[in-house]
Amino acid sequence: MTRIRGLLRKLGGDQQLRNPDFRRFWFSSILTNFGAQITLLALPICAALLLHATPSQMGTLAALGSLPFLLFGLPVGVLLDRSRRLPVMLCSDAMVALSLASVPIAWWQGWLDMHWLYAVEFVLGTGYVVGGGAEQIFVTFLVGRDGLIDAQSKFAATESASRLLGPGLAGILVQALGAPFAILCNVAGFTVSIWNLRRIRACEPQPVPPEAHVLRDMLAGLAFVWRHPTLRLLAWTSACWHLLFYGYMALYVLFATRVLGMSAGMMGTAQMLGGVGVLASSVLLKPLTRRFGAGGTVVIGLCASSIGFMLMPAIPRDLLGSSNASAAAYAIVVFWLDCGATLFFLPYLALRQRVTPDAFLGRMTSTMRFMTVAMAPVGAAGAGLLAEHIGVRGGLAVVAGGALLLTASTLLGTRLHRVEG
C-alpha cells in the first residue's frame, strides 16, 4: 500500500498529467494504439488467410503502406509549418477511420480483394504521414522541448500496454468475428479519439505564412537536415533500419502462419510478449538516456532489434518436437524486436526535435520521414520478391544479414553513440 500511495503521489505531482489537454491527447493516443494492434494483425491476416496472398503480394501491401512517406513527406512538412496541427490531426483520423470501415463493408458485399487492401493500406500510410507528423509537432507545443523525454516515456508506457493486451485481444476478435469485422473496433476507437481531440482547449498559434514558395520551403527543409551533422547521421541510420524493418513486416505474418503453423489466436497471444518488450524499454529509456545519452540509447536499441531480426528466421517449425515451443520462441524474439525498436525510435524522435528550431519543426519532421522511410517500400517489395524465390525463411535471413551489417557499421563507422542530445 505504501508503494501504491507513493506512485499516486508521484503521478499527482506530474506537471504533464495535471494538464487536461495533455491528458486528452494521451487518451487519444491510447485509443489509437490499441486499435492499431487490431489492424496490424487483422489487415495482413485478411490478405494471407482470406485472400491467399503470395509473398510478393504481401510485400506490395507493406510497400504501399510506406509509399506515402516518399510521395507526400516533403509537401506535408510545408503544410505543417503553415497550419495549426490539431485540425490536421482531426482530418487525418477521419480519413483513416473511413478507409478502415470500408474493409468489412467490402467483405460483406463480396468486393474485397488484394487491390482493395492495397488502396486501404495506402490511405492508412497517408494518414500516418499527415497525422503522425502533426502529432509529433503538437506534442512539442503541449509539453515544450524539455518535457519531450518524459512525454515520450509516457507514450512508450501506453504503447507497451497496448502491445501487451492488444495483440491477444486482436487474436480473439479475429477468430471470433473474422479479420474484416475485427477492424471495426479500430474504427470505433478513431471515432472516440476524434471527439476527444476536439475538446482540447490549448490554442496553438497560427504560424506566420512564409513568403517563400512551397518548393523553396521544401528545398530549405532538405538543406537544413542535410547540413545538420546530427540529423544527417540519424537520417542515414534510420533509413537503413526502416529498409530492414519493412522487409520484416512484409513477411512476419506469412512466417508465423504458414511456416510455423500458428493460428490467428496463437499469433496474437505470442505478439503480446512484444508489449512486455515495449514496457521494458519504457522503463529503461530514461536511465539509459541519462547514462549513455540519446545517441547511445539509439545504438542500444539498434543492437537489440538486430538480435531479433537475426533470431527470427532461425526458429524451427516444431522446436523440441512441439509447435507450442516454436510459438514461445517466436514470442521471445518479438520481445527483443519490440524492446529494441522502441529504444531505437523514441530517443531518435526526441533528439531530432530538440536540435531543431521552431521554424523548421514541420519541415524537419517531414524531411526526416521522407529521407528515412523512403527506403521502406524498397525493403518491403524486395523482401516479398526474395521470398518468392528463396522462401519466407530465406527472405527473413537476408533481413538478418542486413541487420548485422548495419549494426557493425554504425558502431564502428559513426559517432552516433557519442551524441548526447
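The model shown is predicted, which means the values in this text are computed figures rather than measured ones.

Enquirer: I'd like a description of helix α7 (residues 179-197), backed by residues and values.
Expert: Across its 19 residues, α7 extends 28 Å between first and last C-alpha, which sits within 8% of the 27 Å expected from 1.5 Å per residue. Among all positions of α7, only Ala179, Pro180, Ala182, Ile183, Asn186, Val187, Gly189, Phe190, Ser193, Ile194, Asn196 and Leu197 are buried.

Enquirer: Tell me about the nonpolar core, and please be specific about residues and values.
Expert: With 115 residues, the main nonpolar core has Phe25, Leu117, Tyr248, Met312 and Tyr330 as its most contacted residues. The element contributing the most residues to this core is helix α12 (residues 323-354), with 15 residues. With residues near it in sequence (within four places) discarded, Phe25 still touches Met89, Glu135, Phe138, Val139, Leu142, Phe155, Asn196, Leu197 and Ile200.

Enquirer: Break down the packing of aromatic side chains for me, citing the residues and quoting the values.
Expert: Considering all chains together, one arrives at 12 aromatic pairs under this definition. Between Phe72 and Phe122 the ring centres are 6.0 Å apart and the planes differ by 70°, which places this aromatic pair in the edge-to-face class. Of this pair, Phe72 sits in helix α3 (residues 55-82) while Phe122 is found in helix α5 (residues 114-143), placing the two residues 50 residues apart along the sequence. You can call Phe122 partly exposed: its relative accessible area is 24%. An aromatic cluster is built from Trp241, Phe245, Tyr246, Tyr248, Tyr252, Phe309, Phe344, Phe345 and Tyr348, whose rings are joined through pairwise contacts. In this structure, Arg291 packs its charged tip against the face of Phe292, placed 4.8 Å from the ring centre.

Criteria and cut-off values
- Residues numbered from 1 in each chain as written.
- Predicted model: local features only at pLDDT ≥ 70, side-chain atom pairs only at ≥ 80, totals over all residues.
- Heavy atoms only, no water.
- Helix = DSSP H or I, 4+ residues; strand = E, 2+ residues; numbered from the N terminus.
- Expected span 1.5 Å × (residues − 1).
- Buried < 20%, exposed > 50% of the residue type's maximum accessible area, 1.4 Å probe, protein only.
- Core = buried A, V, L, I, M, F, W, Y, C linked by side-chain atoms within 4.5 Å.
- Contact = heavy atoms within 4.5 Å.
- Phe/Tyr/Trp six-rings, centres within 6.5 Å; stacked < 30°, edge-to-face > 60°.
- Lys NZ or Arg CZ within 6 Å of the ring centre and 35° of its normal.

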